[in-house]
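Topology and contacts: notes
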Amino acid sequence: MNKWVEDNTDGKIKKMIDQLSADACMVLLNTVLFEGIWNNNKNGGLYEFDRVFTHADGSEETRTFINPFGEMSRYYYSDNAKAVRAGFKERYYFLGILPNGTLDEYMNIFDGSELKQLLTNYETGYDVYSSVPTFEYDYYANLNDYFRSNGMGLAFDRARADLTRGFTVPNGYNPYISDISHKTNIALTKHGVTAAASTKVEIYPGSAAPVERPKMYLHLDRPFLFCIIDAQFNLPIFIGTF
C-alpha cells in the first residue's frame, strides 16, 4: 500500500502507513498529485533573490524569493486580506493571500465566503509589486476528531457503527472506522509548484496602459495562506499556509 501511494504521488509521499493493525479488515486510500509550471517560467526557471521573511513570533530570516506574478495592474481583496494571482501553464493558478492581521486570526474566519470575496473583488489601475518565498514542507494530520465532531461520530463507534451497506466481513461483524489520517507534501520553486496528498481510512470489524500608476507592494514576506485554484470551476484543489 505504501508503494502504491509513493508511485501515485511521484515519490512525494513515501510512507502513508507506519504500521497496520492485524485487526484491520479494510484500508481505503486516495491520492492527489498536482504539478504546475509558472506561466512566465523561462528555460532555467524564474530569477531568485534574497528577501527577509518575518515569522509570526517576530523573528526574521533571509530566504530565497521569486516573482511568478509578473507585471500586474490589479490585486484582489476582502475585508480581511489582500491577494495576488500567478498563473500556471495549465488551467490552474496560485493565489497568495496576505492577511490584514495575523495568520492565526485569519485562519479562524477563513471559509468559502471569504475565499469567494478574494476571487471576485479586485482593484485595478495599480503597478503591483509582489513576490513569494520558495519552500517545501510535509504536513500530517489525524482527522479522527474533525470527523467525529462534524457528523460522523457514529462511524467511529464500535458498538453503534453501521457500514454494512458498504461491505460485510466474513465473520458477520459490522465494520467501523478506526482511523482517518492525511499527509501532504508541497514545494514551491522557481520552476513551479508540486503538491501531493494522500488520505487513509482504516476500517476495523466491530460489534455493530503605460502611464504612471499608484504602486501597491504586496510581498508575501510574513505568514500567509495560499491556494491552488482550478480556474475552470474557481475551486481550490490545495490550501496551505507558510
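An account of the accompanying structure is given in this report. Quick caveat: nothing in here was measured; it's all calculated off a predicted structure. (Residues numbered from 1 in each chain as written. Predicted model: local features only at pLDDT ≥ 70, side-chain atom pairs only at ≥ 80, totals over all residues. Heavy atoms only, no water.)

**Looking at the overall build of the protein**
Where we set the bar: Secondary structure elements follow DSSP: runs of H or I no shorter than four residues count as helices, runs of E no shorter than two count as strands, and numbering proceeds from the N terminus. The rule is simple: take the accessible area with a 1.4 Å probe, protein chains only, and divide by the maximum for that residue type; under 20% is buried, over 50% is exposed, in between is partly exposed. All accessibility values rest on the Shrake-Rupley procedure with a 1.4 Å probe; residue burial counts only the protein chains present in the view.
Counting secondary structure elements, the protein contains four helices and 14 strands. Taking the principal axes of its C-alpha atoms as reference, the protein extends roughly 75 × 40 × 40 Å. Counting the 242 residues in the protein, one finds 41% classified as buried. Surface summary for the protein: the accessible area is close to 13300 Å², and the carbon and sulfur share equals 48%.

**A short note on the nonpolar core**
So the rule is basically this: Think of a nonpolar core as a cluster: buried Ala, Val, Leu, Ile, Met, Phe, Trp, Tyr and Cys residues, connected wherever their side-chain atoms sit within 4.5 Å. Residue contacts follow a heavy-atom distance rule, with two residues in contact if any of their heavy atoms lie within 4.5 Å.
In terms of nonpolar packing, the biggest core is built from 29 residues, with W38, F69, F94, V132, L188 and F224 touching the most fellow members. Listing elements by their share of this core, those giving two or more residues are β3 (60-66), β4 (72-77), β5 (81-87), β6 (92-99), β10 (174-188), β11 (192-206) and β13 (225-230). With three residues, β11 is the single largest residue contributor to this core. Filtering out sequence-adjacent residues up to four positions away, F94 remains in contact with W38, F69, V84, R85, A86, F88, V132, L188, L220, F226 and C227.

**Details of the sheet that holds β4**
Basically, it comes down to this: A pair of strands counts as paired when DSSP detects no fewer than two bridges linking them. Each axis is a line fitted through C-alpha atoms, taken for helices only over the stretch in contact, and angles between the N-to-C directions span 0 to 180 degrees.
Pairing is mixed in the open sheet, where seven strands are placed in the order β12-β7-β4-β5-β6-β13-β14. Edge positions in the open sheet fall to β12 (215-217) and β14 (235-241), since each of these has one partner strand only. Adjacent strand axes in the sheet meet at a mean angle of 40°, parallel and antiparallel pairs treated alike. Alignment of β6 against β13, held across six bridges, turns out to be antiparallel. The residue bridging L95 from the neighbouring strand is C227, located in β13.

**A closer look at the pairing of strand β7 (residues 122-129)**
For β4 and β7, the ladder comprises four bridges, and the chain directions are antiparallel. Its bridge partner being in β7, Y75 is matched across the sheet by E123. In this sheet, β12 lies alongside β7 in parallel orientation, the contact comprising three bridges. Across the sheet, residue D127 finds its bridge partner in β12, namely K215.

**Considering the pattern of salt bridges**
Heads up, the condition is: Put simply, a salt bridge is a Lys or Arg side-chain nitrogen that is within 4 Å of an Asp or Glu carboxyl oxygen.
Tallying each qualifying case throughout the model produces nine salt bridges. In this structure, K14 and E6 form a salt bridge, with 3.7 Å as the shortest nitrogen-oxygen distance. The shortest N-O distance in the salt bridge between R160 and D157 comes to 3.1 Å. For R160, a relative accessible area of 57% puts it in the exposed group. Each of D179, K200 and E202 takes part in salt bridges that share partners, so that together they form one network.

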